[in-house]
Amino acid sequence: MAKDAKAEADGAVAAPVKSRKKLLIVIIAVLVLVLGIGGAGAYFLLKPAGEYDEEYADAPRERAKPAKKKKADHNAPPVYVALEAFTVNLVPENGDQYLQLILSVEVEDPQVDEQLKQYMPKLRNDLTLLLSSKKASDLITTDGKKNLAGEIKERINSVLDPAGRGKNNDWPVKEVLFTSFIIQ
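How each quantity is defined
Residues numbered from 1 in each chain as written. Predicted model: local features only at pLDDT ≥ 70, side-chain atom pairs only at ≥ 80, totals over all residues. Heavy atoms only, no water. Helix = DSSP H or I, 4+ residues; strand = E, 2+ residues; numbered from the N terminus. Buried < 20%, exposed > 50% of the residue type's maximum accessible area, 1.4 Å probe, protein only. Contact = heavy atoms within 4.5 Å. Areas by Shrake-Rupley, 256 points an atom, 1.4 Å probe, with all protein chains shown as cover. Polar contact = N/O pair within 3.5 Å; in protein donor to acceptor, adjacent residues only side chain to side chain. pLDDT = per-residue confidence, 0-100. Axes fitted to C-alpha atoms, helices over the stretch in contact; angles between N-to-C directions. Parallel < 35°, antiparallel > 145°, perpendicular 65-115°, else oblique. Left-handed = near helix turned anticlockwise from the far one by under 90°. Nonpolar A, V, L, I, M, F, W, Y, C, P; charged D, E, K, R; others polar.

Novice: Sorry if this is basic, but what is going on with the overall build of the protein here?
Specialist: Per the secondary structure count, the protein includes six helices and four strands. In sequence order, the protein lays out its α and β elements as α-α-β-β-β-α-α-α-α-β. Across the 184 residues in the protein, those meeting the buried criterion constitute 21%. Partitioning the intrachain contacts of the protein with sequence separation of at least 6 by distance along the chain shows that 69% fall at a separation of at least 24. For the protein, the exposed area adds up to about 14200 Å²; of that, 57% sits on carbon and sulfur atoms.

Novice: For this particular structure, what's the right way to read the environment of Lys145?
Specialist: You can see Lys145 is positioned in helix α6 (residues 142–160). Along the sequence, Lys145 and Phe181 sit 36 residues apart, while their C-alpha atoms lie 9.2 Å from each other. In this view, Lys145 contacts Leu139, Ile140, Phe178 and Phe181; residues no more than four positions away in its chain are not counted. A polar contact of 3.4 Å, which involves the side chain of Lys145, links it to the backbone oxygen of Ile140.

Novice: Please explain the confidence of the model for the protein as it appears in this structure.
Specialist: Should the pLDDT be low somewhere, the predicted coordinates at that spot are not to be read in detail. Taken residue by residue, the protein gives an average pLDDT of 80. The fraction at 70 or more is 73%. The weakest mean pLDDT in the protein belongs to helix α2 (residues 49–55) at 53; the strongest belongs to strand β2 (residues 86–89) at 94. Predicted confidence is poor over residues 62–69, with pLDDT under 50, and the contacts of this stretch with residues over four places away or in other chains come to two contacts.

Novice: What is the right way to read the packing of helix α4 (residues 120–132) against α6 from this model?
Specialist: Packed helices, taken two at a time, are described by their axes: the angle between them and the distance between them. At a closest axis distance of 10 Å, the pairing of α4 and α6 adopts a crossing angle of 150 degrees. With respect to their mutual orientation, α4 and α6 come out roughly antiparallel. Once α4 is placed against α6, the crossing between them reads as right-handed. On the side of α4, the interface is formed by Lys122, Leu123, Asp126, Leu127, Leu130 and Leu131, while α6 contributes Leu148, Glu151, Ile152, Arg155, Ile156 and Val159. Residues belonging to the contact of α4 with α6 are distributed by class as follows: eight nonpolar, no polar and four charged.

Structural data, given as C-alpha cells:
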C-alpha cells in the first residue's frame, strides 16, 4: 500500500510540472510572435520612402504636386557650367577657316547642370550647326562675339525650355561666356 500512496503522490506532482512547462512554451511562442509582428511593423513604418516606391512600383501613386519655383536669391553666388570645346569649319571667305570655341554658361540653379548633361547631344548638334553657319569676318569684332553669345543663349534655352514658358529673365541660362575663342 505504501507503494500505491507513493505512486499517487508522484503522479499528482508530475502533472502540474508538465502543465507548467507547456504553459511556459506557449507564453514564449506568443511573445516571439508578438515581437516578430512588432518588428516587421516598425520596419515598414520606418523604411525610407524611396525603397518603398521601388518595392511597390506597380502600386498606384498619387500625382506629385509640381514644386513651386523658388524666388531667385540675389545674394547667392553664380553657378557656372563649362561645356566641352567646339571646333567647326566656318563659311569659307578666303580659304578654309576654323573656329575653336570653349564656353561656359551661367545658370539660375545647380539643377540646370543635370538638365544640360541630359540634353547635351542635342545642344552640341544645334550649336555646331549655328557655329558652322558663321563667317570669320562676322565673329572677329566684339559686337559679332556678343551677337553670337546671344544666339547661343537662345538656342540653349530653347532646348532646355522648349515650351518657351520662361521670360528673358527666367530662362535657365542667364549668360554665355567665352573662355577660349580662336579663329584660324
